[in-house]
Amino acid sequence: MKTLEFAVQRLSKAALVVVGVVVLNFLLIHLAPGDPASVLAGEAGAGDAKFIAQLRAQFGLDQPLYVQLWTYLKGVLTGDLGYSYRNQVPVATLILERLPATILLTGCAFIFSLVLGIALGVLAAYRRGSIIDSAVMTGALIFYATPLFWIALMAVLVFSINLDWLPPFDMETIGAGLTGWARALDIAHHLILPTVTLGLFFTAIYTRLTRASILEVMDLDFVKTARAKGVPKARIIRRHVLRNAILPIFTFASMQAGQLVGGAVLTETVFAWPGIGRLMFDALMQRDYPVLLGVFLVTAIVVVIVNLVADLLYRVVDPRIEAAG
Amino acid sequence: MPFFLRFARNYGALLGLAILVLVVMVALLAPLLFPASPWQSVGDPFLAPSEDPSYPLGTDMLGRDIAAGLAYGARVSLLVGVVSTAVAVVIGVTLGALAGFYGGRADDLLMRFTEFFQTIPAFAMAVVLVAIFSPNIVSITLAIAVVSWPPVARLVRAEFLSLRSREFVQAAIVVGQTGPRIMLTQILPNAISPIIVTASLMVATAILTESSLSFLGLGDRNMMSWGFMIGAARTMLREAWWMSVFPGVAILLTVLAINLIGEGLNDAMNPHLRGRKG
Amino acid sequence: MEMPRAPLLSVQNLTIPLPVGLDRRYAVETISYDLHAGEILCVVGESGSGKSMTANAVMGLLPSYLKPSSGRILFRGRDLLTMSEPELERERGRSVAMVFQEPLSALNPLMTVRDQIAEVMEVHGEGDAMTRDQRVLDLLNYVGLPDPQILRDAYPFRLSGGQRQRVMIAMALALEPAMLIADEPTTALDVTTQAQILELIRRIQRAKGMGVMFVTHDFGVVADIADRVVVMERGLVVEQGTADEVLNRPKHPYTRRLIAAVPHREAHAVRAATGKEPLLEVKDLRKIYRSGGGFFSKPRVVNAVNNISFTLRRGETLGIVGESGSGKSTLGRCILKLTDVDGGQVLFRGRDVVPLSAGAFRPMRKHMQMIFQDPFASLNPRQTIGRILTDGPVANGVPYNQAEARARELLDLVGLDASAFDRYPHEFSGGQRQRVGIARALALEPELLVADESVSALDVSVQAQVLELLQDLQRRLDLAIIFITHDLRVAAQICDRIAVMYRGEIVENGPPEQIFDAPRHAYTQRLIAAIPGREWNPRAAVIDLKEKQR
């Protein structure tokens, strides 16, 4: 009952956020200097005013802004995200084509960074002050300071060019005609470098957070109670500290979901990964605004859903939330 | 000066400070160290490091000096990092302070607004802003500022919210001080250390963002930057590793140094017994 | 049968050094005392006396920077300080158990009551899942918790403070330890709850024949439960003996000073405040807190202040007494307009301040000042004392020079050195800070002072001094004071009239004699009965000392 009410409340709030994001982006993009019609016309080699006006009418750009916004929002409600200016394909089709690749990449990177980050953080906290602790934290500090695209290039340099272990580009071997398991394996092989590259920065963040969080929880009174009960240290960490310490990490990680998409723009560019990050970047360069807006809409929805799921999970795991919420 | 002593006891922070001072010196002295423009071809193309002693870090495919590029690139990185952070801090502190102090409707509205910005991936947003407003140093700086203020606003709001109910603030209300005065003289001074720590870490993030933008070709065309150098070296990875390795190391060291300083500040400003036991 | 019994616990010449750079070298220095089976030993002292230190040392729970440098802690003849960690783990929970001050933070928020109690048995390999479950039920029953069947699956945040402490006690009793260490176990609780928990601890101790080490700062509690008493001051044991010896015939000057400072009802003359015009009239004041609420549920409504009326004259002290959640602090905040009011009037000098806007009320603020609870949180740590004292007058249009001169006078008035003007709050002790807080309130020459738990955070000897200062200032400046407190003993000592608040309402209102000797309302009666150390008269114990002072 309570949880249902909470879900309804959160959903309506989430919907509001998504609409807000769409309107914000729409206004931003349409108020910005640079007219997509003239860009397109220029590329077509026909810069004359008549052709440009014709293009503007075709895209609805001659309408007042609020009419354009209204038309767009109405379309979004029915799942119609408009047509790409460039190749006259429905935006929704373009995005759906590319979305799985990005979800695969960001999902793998998310799990990779969360699992590795928490594991390393726990290790460092448990062995606080030891060489292992210093090594882990130094590593985290370095990867926290390294630009993602540079890690990507260095990884390619070492693992693809010098060692020739892993493929440097694309999502699968082009023209190999693989199917079934062979194809899955091939994709997994291609996935390793981008996942690790995208994930390392976040791994560093989660490692640091986990360690700090555990050390903080270890100072709390109930840990002292557990010791007074005669509970051994390893069990205290396992049964008392971990759950209390990791809850906030999950919240933080879910809030970072959007940042992973930002990182995907870079990763997909370097590794020629056919996802929506690259789609967005290409659309931006070509002033293909419907595609750009579509990508932002989809990203916002994904981020909002991730946050929602995280919130709901949190309510299941933490008994206190229901009373406070 | 217990603060400086506490800071100086942290070797990491001192190391960071040393590196940062070095980077700042190089940035300031770039025109003296390398009188020629970093865009100018000065030597043979593709000189490997130490192949020619005049170009210890080698040259790129157009014979431009990598070392000169690094020195001039430091200017862009530091400039964008510091200015964008300053702008973001001003926005974030203002909105966060208002939301946290006045609460209620104002708080709801401002926090919803902040949430919008947090739902859009920061880096993607920066890319769009820079691309739409044509890439130059001003648009890059502002774009980074626009995407980085929300965490500051949240932090400052939380600080103001908790400090507002503290007894010394209640006392200030009781003796008849006005709202703005209380915010400026009672609350802000007590919220300043977390703001400074966050700001220092934001400078580091801003440098990373700037380099990522230039890497994607969204840098200022008139200014040499580290990200641009790596972007240009991308296709030369096989032929000239040094073109991408050295600028990357420069970014890494600078960002690392600033993070170390930020952590040192954090430790020095928040000794464990801060607050009631202090 | 008393004679040759070996003590259960024997602390012998224990010394624990403090890290260098603190105000003294040792947390505790060559302290010795014994605890026998079947007795309650109270370790009593003010904050910083080191009274909790031994309790933690016995359990091996000292923070890593504190290591005993010499001495022994013999438990049943074996030195706990030389035991290995696994050996200690076997003893903890099985032979020695501990109950802490804050029952909420001492329980794991993410584990049910059942799991936390059962864990003691589990880690000591006692019973199987079935028998442990039954034992949890029995224990919850035994410590007097309602509906153990349901309650055992609750999480700690669902329980009240008293219930949580009962859970802690149940956990401590799980393996029937020979010794229980209780570190200020009732300090965080309301007085009526405190009485119940003390009763419970005493009952269990009798029934099981346990030895209990009870650490407290409150002599009233000592008088209620102690068999023997150890008094500590700054890391030293200054006096020990039977409860009767220490409480009624204290020898050491420090003990005598402490006992003299215990708040107690004074037979003071009722002052002639009745004839004057009322300074403050509160009529039907209401404040409602709403929380939660959404699409499906109604918001929770709490009547924090419900139709409260009273009048206050110059020179008069009205005590507002109640337990946590009674609405007593909200009442104070309503009067000073630190929070919105939902109805009623607050007439100050005949003018209703409730409808005034913040801006319109601001010029009136200087007449109504407040002294806060927490001497650490109530002073801005970034401002000098001078700045803190002059800010108010300057905001009210007094030229700075004048405000500064006045601030220096005030420092003298509240008994602080003139050099305090340029120093920061962290350089002062709690009592000194509270004096600064009083000076700040007086800087505006108010007619009404609201003191919200203003001495509750202070040690008893400091408390006595601050109370004395307040009384003295009131006489000199003819102030009206609203004294909000949870401590009936303090209220009895300084108030002309006492209003007892319960769930947002004043249930009884009258002079201290009436409230104490002939309480009419059932709640007042409960409250009076729960006062710790009611049977003991601290004034009689140190009568010669009091006489010397006069």
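See above for the structure.
Thresholds, definitions, all that
- The numbering scheme is per chain: residues are counted from 1 as the chain's sequence reads.
- Chain letters and ligand numbers both follow the written order, the letters beginning at A and the numbers at 1.
- Confidence filtering applies because this is a predicted model: local features only for residues at pLDDT of at least 70, side-chain atom pairs given and counted only at 80 or more, and all residues used for totals across whole chains, interfaces and linings.
- Think of the side-chain values as coming from all heavy atoms in the structure, minus any hydrogens and water.
- For helices, the axis comes from a line fit to the C-alpha atoms of the stretch in contact; other axes are also lines fit to C-alpha atoms, and the angle between any two N-to-C directions lies between 0 and 180 degrees.
- Runs of E in the DSSP output that reach at least two residues are strands. Runs of H or I that reach at least four are helices, and both are numbered from the N terminus.
- Working definition: roughly parallel below 35 degrees, roughly antiparallel above 145 degrees, roughly perpendicular at 65 to 115 degrees, and oblique for all remaining angles.
- Should the near helix be turned anticlockwise from the far one by less than a right angle, the crossing is termed left-handed; should it be turned clockwise, right-handed.
- Here a residue-residue contact requires only that any non-hydrogen atoms of the pair lie within 4.5 Å.
- Each residue is assigned to one of three groups, with Ala, Val, Leu, Ile, Met, Phe, Trp, Tyr, Cys and Pro labelled nonpolar, Asp, Glu, Lys and Arg labelled charged, and all others, Gly among them, labelled polar.
- A pair of strands is labelled paired if DSSP reports no fewer than 2 bridges between them.
- Accessible area, probed at 1.4 Å, shrinks when two parts are joined; the buried area is that loss added up over both.
- Salt bridge criterion: a side-chain nitrogen from Lys or Arg within 4 Å of a carboxyl oxygen from Asp or Glu.
- Here a polar contact is recorded for every N or O atom pair within 3.5 Å, except that within protein the pair must consist of a potential hydrogen donor and a potential acceptor, and residues adjacent in sequence are included only if both atoms are side-chain atoms.
- Pairs were defined over the aromatic rings of Phe, Tyr and Trp, the Trp ring being its six-membered one, requiring ring centres within 6.5 Å. Orientation was assigned from the angle between planes: stacked under 30 degrees, edge-to-face over 60, tilted for the rest.
- Summary of the burial criterion: residues with accessible area below 20% of their type's maximum are buried, those above 50% are exposed, and those between are partly exposed, where the area comes from a 1.4 Å probe applied to protein chains only.
- In this scheme, the term charge over a ring applies when either NZ of a lysine or CZ of an arginine sits within 6 Å of the ring centre and within 35 degrees of the ring normal.

A few points about the packing of helix α5 (residues 91-126) of chain A against helix α10 (residues 233-255) of chain A
All names here are of chain A.
- One can describe the packing of α5 onto α10 by two numbers: an axis separation of 11 Å at closest approach and a directional angle of 140°. Taken together, the axis directions place α5 and α10 in an arrangement best described as oblique. For α5 against α10, the interelement crossing comes out right-handed. Together, Phe 110, Leu 114, Ile 118, Val 122 and Tyr 126 of α5 and Lys 233, Ala 234, Ile 237, Leu 242, Ile 246, Ile 249, Phe 250 and Ala 253 of α10 make up the contact between the two elements.
- Residues that form the contact of α5 with α10 fall into these classes: twelve nonpolar, no polar and one charged.

Re the sheet that holds strand β20 (residues 505-510) of chain C
Residues and elements named next belong to chain C.
- In space, the six strands of this open sheet follow the order β16-β17-β18-β13-β19-β20, with mixed pairing throughout. In this open sheet, the two strands that pair with only one neighbour each are β16 (368-371) and β20. Neighbour-to-neighbour, the strand axes of the sheet open up by a mean angle of 20°, direction not taken into account.
- Of the pairings in the sheet, the one linking strand β17 (residues 448-452) to strand β18 (residues 480-485) comprises five bridges and is parallel in character. Looking across to β18, one finds that Asp 452 is bridged to Ile 484.
- Helix-sheet contacts for helix α15 (residues 430-442) involve β16 and β17, and the interaxial angle to β16 is about 175°.

Let's talk about the interface of chain B and chain C
- Contacts between the two partners involve 19 residues from chain B and, on the opposite side, 26 residues from chain C.
- Here chain B meets chain C over a buried area of about 2,000 Å², counting both sides, of which 51% is carbon and sulfur.
- The tally of links between chain B and chain C comes to zero salt bridges.
- One can count 13 residue pairs in polar contact (both at pLDDT 80 or more) joining chain B with chain C.

Some thoughts on the packing of aromatic side chains
- Summed over all chains, the structure comprises 14 aromatic pairs over all chains.
- With a centroid separation of 6.1 Å and an interplanar angle of 50°, the aromatic rings of Trp 241 of chain B and Phe 246 of chain B are classed as tilted.
- Ring geometry for Phe 219 of chain C versus Trp 536 of chain C: centroids 6.2 Å apart, planes at 35°, classification tilted. With Phe 219 of chain C in helix α8 (residues 219-225) and Trp 536 of chain C in the loop between α19 (522-530) and α20 (538-541), this pair connects stretches of sequence that are 317 residues apart. Of the two residues, Phe 219 of chain C and Trp 536 of chain C, neither departs from the other in class, the shared state being buried.
- Members of the aromatic cluster, connected to one another through ring pairs, are Tyr 144, Phe 201 and Phe 202 of chain A.
- The ring of Tyr 142 of chain C has Arg 203 of chain C sitting right over it, with the charged end atom 5.3 Å from the ring centre.
- The positively charged end of Lys 208 of chain C is found above the aromatic ring belonging to Tyr 142 of chain C, 4.7 Å away from the centroid.

Some words on the pattern of salt bridges
- What the rule picks out here adds up to 34 salt bridges over all chains.
- For Glu 453 of chain C, the salt bridge goes to Lys 328 of chain C, with nearest N and O atoms at 3.7 Å. Residue Glu 453 of chain C is located in the loop between β17 and α16 (460-477), and its partner Lys 328 of chain C is located in helix α11 (residues 328-335); the two are separated by 125 residues in the primary sequence. Comparing Glu 453 of chain C with Lys 328 of chain C, the two get one shared label, buried.
- One salt bridge in this structure joins Glu 427 of chain C and Arg 423 of chain C, with 3.1 Å as the shortest N-O distance.
- Look at Glu 427 of chain C and you get partly exposed, because its relative accessible area is 36%.
- Within the structure, one salt-bridge network assembled from shared partners comprises Lys 13 of chain A together with Arg 112, Glu 115 and Arg 154 of chain B.

A short note on the interface of chain A and chain B
- Of the residues lining the interface, 47 residues belong to chain A; the matching set on chain B comes to 42 residues.
- Across the chain A/chain B interface, buried area totals approximately 3,900 Å², and carbon plus sulfur atoms make up 80% of it.
- Between Glu 115 of chain B and Lys 13 of chain A there is a salt bridge, with its nearest N and O atoms 4.0 Å apart.
- Elements represented by at least two residues in the side of chain A that touches chain B include exactly α1 (2-31), α6 (131-144), α7 (148-162), α8 (180-218), α11 (257-270), α12 (276-285) and α13 (289-317) of chain A.
- Sort the elements by how many residues they give to the side of chain A that touches chain B and α1 of chain A lands first, with nine residues.
- Of the residues that constitute the side of chain A that touches chain B, the class distribution is 35 nonpolar, eight polar and four charged.

Worth remembering: the numbers are spatial, not functional.
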